[in-house]
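# A look at the structure
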Amino acid sequence: MVPLARREEPPPVVIQRVRITIRGAVQGVGFRPFVYRLASEMSLKGWVSNSAGGVFIEAESEKPQLEEFVLRLAGEKPPRAVIQSLEFSYLDPAGFAAFEIRPSDPTGDRVALILPDIATCGDCLREIFDPRDRRYRYPFTNCTNCGPRYSIIESLPYDRDNTSMRLFRMCADCEREYEDPRDRRFHAQPNACPVCGPQVELWDCAGRKTAAGHDAICEAAQRILVGGIVAVKGLGGFHILADARSEEAVLQLRRRKRRGKKPFAVMYPSMDAVRHDCEVGRLEHRLLLSPESPIVLLRRATATTGLVSEEVAPGNPYLGVMLPYSPLHHLLMREIAFPVVATSGNLSEEPICTDEQEALHRLRDIADVFLIHNRPIVRHVDDSIARVLLARELVLRRARGYAPLPVAVREPVPNILAVGGHLKNTVALSVGRNIFISQHIGDLENDESLEAFHRVIKSLCRLYQSEPVQLASDLHPDYLSTRYACAQHHPVAAIQHHYAHVCACMAENEIEGRVLGVAWDGTGFGTDGTVWGGEFLLTDDTGYRRAASFRAFALPGGEQAVREPRRAALGVIHAMLGDDLFEGHDFPFMRSFKETELTVLRQMLRRRINSPMTTSAGRLFDAVAAITGLRQIVDFEGQAAMELEFAAADAVDDAYPLGLPAMDARDSSNAMLIFDWGPAVSAVIQDLRDGLPEELISARFHNTLVEAIVEIAQRLGESRVVLTGGCFQNRYLTERAVRRLSETGFRPYWHQRVPPNDGGISLGQVIAAARASTPQAGAHGPGA
Ligand SMILES: [Zn+2]
Ligand SMILES: [Zn+2]
Ligand SMILES: [Zn+2]
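Please read these numbers as outputs of a predicted model, since none were measured by experiment. (Residues numbered from 1 in each chain as written. Chains lettered and ligands numbered in written order. Predicted model: local features only at pLDDT ≥ 70, side-chain atom pairs only at ≥ 80, totals over all residues. Heavy atoms only, no water.)

Take the pattern of salt bridges next. All chains considered together, the criterion is met by 56 salt bridges. Note that Arg176 is salt-bridged to Asp173, the shortest N-O span being 2.4 Å. Pair noted here: Arg176 and Asp173 are both in helix 4 (residues 172-179), with a separation of three residues, about one helical turn. Glu535 is the partner of Arg546 in a salt bridge, and the nearest nitrogen-oxygen pair spans 2.6 Å. Of this pair, Arg546 sits in strand 24 (residues 543-550) while Glu535 sits in strand 23 (residues 531-540), and the two are 11 residues apart along the sequence. Each of Asp653, Glu707, Arg736, Arg739, Arg740 and Glu743 takes part in salt bridges that share partners, so that together they form one network. (Salt bridge = Lys/Arg side-chain N within 4 Å of Asp/Glu carboxyl O. Helix = DSSP H or I, 4+ residues; strand = E, 2+ residues; numbered from the N terminus.)

Moving on: the coordination of the zinc ion (ligand 2). Metal coordination angles have textbook ideals: 109.5 degrees for a tetrahedral set of four donors and 90 or 180 degrees for an octahedral set of six. Every protein donor of the zinc ion (ligand 2) is listed here as Cys171 (SG), Cys174 (SG), Cys193 (SG) and Cys196 (SG), and their distances to the metal cover 2.2 to 2.3 Å. Bound by four donor atoms, the zinc ion (ligand 2) shows angles of 104 to 116° at the metal and therefore tetrahedral coordination geometry. One chain supplies every donor for the zinc ion (ligand 2), spaced along it as C-x2-C-x18-C-x2-C. Assessed through its relative accessible area of 11%, Cys196 is described here as buried. (Donors = N, O, S within 2.8 Å, 3.2 Å for Na, K, Ca; no water. Tetrahedral: all angles 85-135°; square planar, octahedral: opposite > 155°, others 65-115°. Buried < 20%, exposed > 50% of the residue type's maximum accessible area, 1.4 Å probe, protein only.)

Taken as a whole and judged by the stated rule, the model has 15 aromatic pairs. Seen in terms of ring centroids, Phe550 and Phe675 are 5.1 Å apart; in terms of plane orientation they differ by 80°. Their pairing is edge-to-face. Of the two residues, Phe550 sits in strand 24 while Phe675 sits in strand 27 (residues 673-675), which places them 125 residues apart along the sequence. Each residue in the set Trp520, Phe536, Phe550, Phe675 and Phe728 is aromatic and connected to the rest through ring pairs, giving one cluster. In this structure, Arg334 is placed above the aromatic ring of Phe129, and the distance from its NZ or CZ to the ring centre is 3.7 Å. Between Arg400 and the ring centre of Tyr325, over which it is positioned, the NZ or CZ distance is 3.4 Å. (Phe/Tyr/Trp six-rings, centres within 6.5 Å; stacked < 30°, edge-to-face > 60°. Lys NZ or Arg CZ within 6 Å of the ring centre and 35° of its normal.)

Right, let's talk about the state of the cysteines for a bit. Taken as a whole and judged by the stated rule, the model has zero disulfides. Cysteine Cys353 is unpaired, with the sulfur of Cys205 as its nearest cysteine sulfur at 13 Å. Residue classification places Cys353 among the buried positions, given a relative accessible area of 0%. (Disulfide = S-S within 2.5 Å.)

The next subject is the sheet that holds strand 5 (residues 99-101). The strands that make up a sheet pair up through hydrogen bonds in the backbone, lying either parallel or antiparallel. With mixed pairing, five strands are arranged side by side in an open sheet as 4-1-3-2-5. Each of the sheet's edge strands pairs with one partner strand only, and the pair in question is strand 4 (82-91) and strand 5. Pairs of neighbouring strands in the sheet enclose a mean axial angle of 15°, with direction left out of account. Examined bridge by bridge, strand 2 (residues 45-51) and strand 5 share three bridges and lie parallel to one another. The residue bridging Val48 from the neighbouring strand is Ile101, located in strand 5. (Pairing = 2+ DSSP bridges. Axes fitted to C-alpha atoms, helices over the stretch in contact; angles between N-to-C directions.)

Put into structure tokens, the structure is as follows:
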């Protein structure tokens with residue numbers, strides 16, 4: 001074992017800068033003076049300013065103060081201010097001298113900003129539970145401060161006639177509110193009431209109405225109570241709900257949805273109920289109740305017996321939790337009063353269903369009844385997923401509440417449409433300084449998701465009235481997204497997958513110049529035609545150099561090895577032992593294969609048939625999970641690696657030997673460094689033979705990968721290290737890498753508002769394509 005040096009003295013004070021963008025009713029309500037007072041009271045440095053795009057704040061201090069500041073902004077805002085969206089990210093400090101109110105910026109963002117759908121506000125919530133109010137129990141109550149936006153807009157400007165609400169003519173009462181500047185519903189485009197607005201109905205599987213109005217909601221609740229499965233048309237698509245307490249109901253849902261062990265998200269009736277089951281920190285609390293109201297990954301409380309069945313998220317120490325965010329959900333959850341599974345209304349990996357007729361057809365084998373309504377959903381918007389990592393929020397799936405808010409860049413870029421990758425697809429469109437990232441579309445593997453992909457591209461270009469001059473795609477020639485891009489009549493920049501990951505992370509952290517990009521994921525097409533995935537890319541404003549990578553190994557069966565981590569394990573050990581692997585070795589994981597399977601796999605490996613070489617970090621995690629006996633075959637992508645992460649014990653600080661060439665063996669020819677995981681895997685096998693527990697082995701393995709990052713960063717001598725790619729959804733890996741890099745004098749960056757997984761690829765593609773199209777001296781671009 002390699003003992004690691006630990007710093008004894010307390011860490012130095014680190015000043016950070018937080019950038020906050022607040023949208024909503026925040027102008028003309030004393031928001032800037034409030035921010036100024038709060039910042040001064042807390043001795044923060046920075047500024048606040050107004051523009052058409054919202055209130056912008058930058059503040060500098062130590063991390064805990066900034067965290068406190070963000071929470072107090074939302075908690076103590078002026079009474080008339082309403083926050084419809086609050087986004088923040090941590091950036092490098094700028095060295096402000098004081099806190100000031102900067103003059104409004106009239107030239108600001110002139111691009112029409114389309115707001116995401118906003119969770120029900122407190123005022124509307126009070127009305128729907130007030131028997132004297134005319135909107136009592138009305139499930140489509142909304143106002144200028146809350147309600148549907150992105151999911152109902154057909155075109156700009158954002159007027160009722162350009163939304164799916166144009167089908168409903170306002171009654172005299174609603175009209176009065178709409179016309180009255182003093183009313184909360186002044187120009188609230190989706191304004192509606194029980195008299196004039198959309199209505200709910202309960203349908204059976206044949207589409208026959210069995211109840212309407214509040215009765216429909218009560219009956220739906222009743223169905224769930226007796227173990228039924230109910231499809232509910234929500235804001236951005238259908239949910240499928242089932243009693244999360246009932247093992248039988250949850251297993252039934254898994255069978256019908258053809259969904260193995262992949263965790264389900266749960267909607268809780270109240271924060272109290274969430275706290276009963278999960279640990280809720282302050283940032284998590286904010287997220288759960290925020291206008292964005294995403295699904296938040298929470299660590300389950302171990303001290304209590306949870307309210308939900310183990311089958312909801314088998315073997316998972318985390319639970320995806322959300323609270324009701326639309327009036328319909330509030331009313332329904334009030335009747336149900338216990339946690340329900342709330343999963344998207346689709347078959348596995350298809351896009352979420354948005355139309356009731358389509359739902360009757362597509363969800364007929366899943367749901368018993370359908371709680372529907374007659375307000376058309378213009379575009380599908382899934383629930384977003386977020387977690388708190390290193391005391392910052394990290395968005396893992398960007399959809400409802402976030403899409404289509406832009407990521408701003410410093411210099412205007414040409415109009416580029418980026419079509420994203422293959423899995424967890426999103427697309428992005430740049431307009432001036434703004435890059436609009438679409439909502440999550442999904443894996444482009446079936447006709448439905450491909451259609452959704454086409455629809456999203458069309459509607460994004462139409463909404464922003466932007467005709468792209470250039471397209472950006474992945475380098476993989478066979479991705480459906482790449483093929484789409486190549487079929488358009490525009491130049492296409494093909495961007496290497498991991499370089500796109502690095503660019504995305506740089507963009508959201510607003511850094512430029514030289515960095516070491518550590519991009520680890522499951523798969524990405526390399527410039528040499530092999531499958532990359534454990535990459536160290538020295539990146540600057542002109543392009544990148546692949547400075548280091550994992551040692552490659554074969555994946556017998558290609559795609560099948562993604563589903564069977566034991567195949568990755570065979571590939572890894574075959575790289576170490578060659579054909580001897582099959583002679584006289586008896587690794588426990590090999591017993592999960594049939595004898596005939598092993599014979600075939602041996603031939604495949606020996607003759608290199610259908611066994612692509614890969615440097616994938618994700619597959620290496622899979623292999624180690626299989627070798628340690630945790631998981632041989634997965635139900636969903638990333639399951640084995642996740643289980644290896646969950647197995648890791650916290651208090652382990654040592655690592656396995658690093659397989660890196662001795663320093664003096666390095667020549668000056670910029671040859672690529674190879675990180676050989678062989679010594680670590682040998683040590684894993686030895687620890688297993690010695691009967692050491694998997695918690696220890698997993699922690700040591702994770703620690704080894706982190707030390708590899710630190711060591712390679714030291715050898716390459718680049719002070720800023722960007723951590724990106726799906727592997728950095730792994731909390732243990734990311735937190736430890738950030739800590740060790742900081743301890744050893746590096747400056748680490750990671751994702752915050754944009755997913756580290758392939759959902760962030762489209763943003764990176766825009767950045768990379770823009771860099772390539774800007775002529776620079778000595779450019780060695782990404783191969784546009
Ligand atoms: Zn409201
Ligand atoms: Zn009305
Ligand atoms: Zn990726």
